[in-house]
Amino acid sequence: MKILHITCSPRGQQSVSYRLSQRVMDRLLSQHPSAQIVTRDLWAEPLPHVDGEYAGALGGTRDGTKLAGRAMSWLALSERLIGELRDADCVIIATPMHNFTVPSALKAWLDHVVRIGVTFNVTPEGKIGTLADRPVYIAVSSGGYRTGERARQPDFLEPYLRAILPTIGLKSLSFFSVESTVAGPEATTAAFAAVERELDAA
Ligand SMILES: Cc1cc2nc3c(=O)[nH]c(=O)nc-3n(C[C@H](O)[C@H](O)[C@H](O)COP(=O)(O)O)c2cc1C
């Protein structure tokens, strides 16, 4: 059993999304004590954002152009990240909401692993993922409410992940949320308790 743990908060291990994802991890480890954990901290080790070299490299691999230098290292990084996903029996993603959606660090990771002709193919029926499905647990923290009647902001985070992850074949998604963290530590503690109950029932 291999668990890929992806985190992206600039607040590192103090972050709410990290701590929430750690609760999910604890539950998984209680069921699979010898599980191997692979961590990818996208804040501590940021990935490059897409540039012309990478965009060109993607096109180059598809039309057979010989690639060199930086383009090759872009693809090698992408292969490594896709390999980590392929090897994982389950994935935990910890993410805060930044400006209604995922932080740019997580978007950069997605730009490396959602790859035409590799993790998805374009067909007349649309984009079809090539990765085998596996459980993906997503721990989300947000300063305000992003779901339900109390939400006063749009949520492009959860709908986005619900669209992009199945595009590469990851369909078994479970979301766990701590919302309204700006309300202070007491509200955050209560939100954690509610998530514990959800995890117990999952
Ligand atoms: C750049 C930035 C943008 C943010 N945008 C939002 C937002 O759109 N909606 C929201 O509810 N909270 C927003 N927040 C607040 C964070 O989601 C909140 O503080 C969250 O608990 C942080 O989680 P973390 O501790 O895992 O980093 C933003 C925070 C930052 C730093």
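No experiment lies behind these values; they were computed from the predicted model shown. Counting restarts for each chain: residues are numbered from 1 in the order of the written sequence. A pLDDT threshold of at least 70 governs which residues receive local features in this predicted model, and a stricter bar of 80 or more applies before side-chain atom pairs are shown or counted, although totals over entire chains, interfaces and linings include all residues. Where side-chain values are given, they derive from all heavy atoms of the structure, hydrogens and water being excluded.

Draft legend 1. Looking closely at helix α6 (residues 185-201). Strands here mean DSSP runs of E at least two residues long; helices mean DSSP runs of H or I at least four residues long; both are numbered from the N terminus. Working rule for helices: expected span equals 1.5 Å times residues minus one. Taking 1.5 Å as the rise per residue, α6 with 17 residues should run 24 Å; its terminal C-alpha atoms sit 25 Å apart, in good agreement. Type-normalised accessible area, obtained with a 1.4 Å probe on protein chains alone, sets the label of each residue: buried when under 20%, exposed when over 50%, and partly exposed for intermediate values. For α6, every residue scored as buried is listed here: Thr188, Ala191, Phe192, Val195, Glu196 and Leu199. Down the axis of α6, the sector holding all buried residues measures 155°, keeping them to one side. Facing away from the buried side of α6 by more than 90 degrees, the exposed set consists of Glu186, Arg197, Asp200 and Ala201. In this description, one arc is meant: the one made by directions from the helix axis to the C-beta atoms.

Draft legend 2. Looking closely at the site of the ligand. Distances are taken per atom, and a residue is near a molecule or strand as soon as one of its heavy atoms is within 4 Å of it. In the region of the ligand, 16 residues are neighbours, and Ser9, Ser17, Asn99, Ser141 and Thr181 sit closest. What qualifies as a polar contact is a pair of N or O atoms within 3.5 Å, subject to a donor-acceptor requirement within protein and to the restriction that residues adjacent in sequence count only when both atoms come from side chains. A distance of 2.8 Å separates an oxygen atom of the ligand from a polar atom in the backbone of Gly144. A distance of 2.8 Å is found between a nitrogen atom of the ligand and a side-chain nitrogen or oxygen belonging to Gln153. Protein coverage of the free-state accessible area of the ligand, which is 640 Å², stands at 73%. Per-residue and other accessible areas were derived by the Shrake-Rupley procedure at a 1.4 Å probe size, with only the shown protein chains allowed to occlude residues.

Draft legend 3. Just the side chain of Asp155, in detail. Looking at where Asp155 falls in the secondary structure, it is placed in the loop between β6 (136-141) and α5 (157-167). A polar contact of 2.8 Å, which involves the side chain of Asp155, links it to the backbone nitrogen of Leu157. Those residues in contact with Asp155 that lie beyond four places of it in its chain are Met97, Phe100 and Arg146. Note on definitions: a residue-residue contact is assigned when non-hydrogen atoms from the two residues lie within 4.5 Å.

Draft legend 4. Examining the UniProt feature "binding site: FMN" (unreviewed entry) in the chain more closely. UniProt positions are given in the numbering used here, feature names are shortened, and annotations may be inferred rather than shown by experiment. Mapped onto the present numbering, the UniProt feature "binding site: FMN" (unreviewed entry) falls at Ser9, Ser15, Val16, Ser17, Ser141, Ser142, Gly143 and Gly144. Beyond its immediate sequence surroundings of up to four residues, Val16 is in contact with Arg11, Ser141, Val178, Thr181, Thr188 and Phe192. Mapped onto the fold, Gly144 is located in the loop between β6 and α5. On the accessibility criterion, Gly144 (26% relative accessible area) is partly exposed. When sequence neighbours within four positions are dropped, the list of residues in contact with Gly144 reads Gln153, Glu179 and Ser180.

Draft legend 5. Structural view of the nonpolar core. Of all hydrophobic cores here, the largest spans 34 residues; its most connected members are Leu85, Trp109, Ile138, Leu161 and Leu165. At the level of secondary structure, the elements contributing two or more residues to this core comprise β1 (2-7), α3 (69-87), β3 (90-96), α4 (104-113), β6, α5 and β7 (173-178). Here the element with the most residues in this core is α4; it accounts for six residues. In this view, Leu161 contacts Thr95, Val102, Leu110, Ile138, Pro166, Leu173 and Phe175; residues no more than four positions away in its chain are not counted. Among buried residues, the Ala, Val, Leu, Ile, Met, Phe, Trp, Tyr and Cys ones that are joined through side-chain atoms within 4.5 Å form a nonpolar core.

Draft legend 6. Examining the environment of Glu84 more closely. Structurally, Glu84 can be placed in helix α3. Placed 80 residues apart in sequence, Glu84 and Leu4 show a C-alpha to C-alpha distance of 7.2 Å. Sequence-distant contacts of Glu84, defined by excluding residues within four places in its chain, comprise Leu4, Val38 and Arg40. A distance of 2.9 Å separates polar atoms of two side chains, one belonging to Glu84 and the other to Arg40.

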